[in-house]
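A structural walkthrough
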Amino acid sequence: MPAPDQPIRFHQHPLSGHCHRVALFLNLLDLPYDTVEVDLLKGEQKAEPFLALNPFAQVPVIEDGSVVLPDSNAILVYLAKRYDTEGWLPEAPEAAARVQRWLSVAAGQLVNGPAIARISNVFGRKVDLDQCAAIANRLFTLMESELTESEWLAGDRPTLADVALYSYTAHAPEGGISLEPYPHIRAWLGRIEALPGFIPMPRTAVGLQAAVSG
């Protein structure tokens, strides 16, 4: 597997699911990287020098030599194209499109459902929790159905689709959304967690309480 000339600089916050999907993939690829923590509560993402890296003021961002790249899904695609030799992003058009479908879901329904519900519970942001739960449960019902037919979301092996959907799905209970009705999703999470190089996303106090209570 090719390796970067120097460790990738990874600007992130440990409680961000968008950041965790990048950290997870870096570890699955066994790539060297240095972590730069961005203090979101202090607003470091809204000030220089971070704005020079991402004018949208969002984590994550990676610096790979002269390449500066924000956006978690864009980073996943870049890392797969640059360093992967195992097929995390298939070359065949139909297979690549199946992965892209789930990357779009990760930027849409996954954010608008379980991710925003979690942000509300963990960080106190006021949102419509009923709407978030409805979006999440529609998504999880679809995922559950597809995972009855296959062990992975976009083919017969793990792909970027699984990496992109893992973090906010695994931590949905932190937003008050139970995974108990979805045994195939829970089995899928277990398969990802068994992959060589897997690293967990830190649980918040809300997440720890959810784990204790159910």
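Above this text you will find the structure in question.
A short tour of the structure in this document, coming up. (Residues numbered from 1 in each chain as written. Predicted model: local features only at pLDDT ≥ 70, side-chain atom pairs only at ≥ 80, totals over all residues. Heavy atoms only, no water.)

**Quick look at the side chain of S16**
For S16, the position within the fold is in the loop between β1 (8–12) and α1 (17–28). At a separation of 3.2 Å, a polar atom in the side chain of S16 contacts the main-chain amide nitrogen of H18. Filtering out sequence-adjacent residues up to four positions away, S16 remains in contact with Y168 and M201. (Helix = DSSP H or I, 4+ residues; strand = E, 2+ residues; numbered from the N terminus. Polar contact = N/O pair within 3.5 Å; in protein donor to acceptor, adjacent residues only side chain to side chain. Contact = heavy atoms within 4.5 Å.)

**With respect to the pattern of salt bridges**
Enumeration over the complete set of coordinates arrives at five salt bridges. The residue E91 makes a salt bridge to K81 at a minimum N-O spacing of 3.4 Å. You can see E91 sitting in the loop between α3 (72–83) and α4 (93–107) and its partner K81 sitting in helix α3, a full 10 residues away along the chain. Across this residue pair, the class does not change: E91 and K81 are exposed. The residue R98 makes a salt bridge to E94 at a minimum N-O spacing of 3.2 Å. Residue R98 and its partner E94 are both found in helix α4; the two are separated by four residues, about one turn of the helix. (Salt bridge = Lys/Arg side-chain N within 4 Å of Asp/Glu carboxyl O. Buried < 20%, exposed > 50% of the residue type's maximum accessible area, 1.4 Å probe, protein only.)

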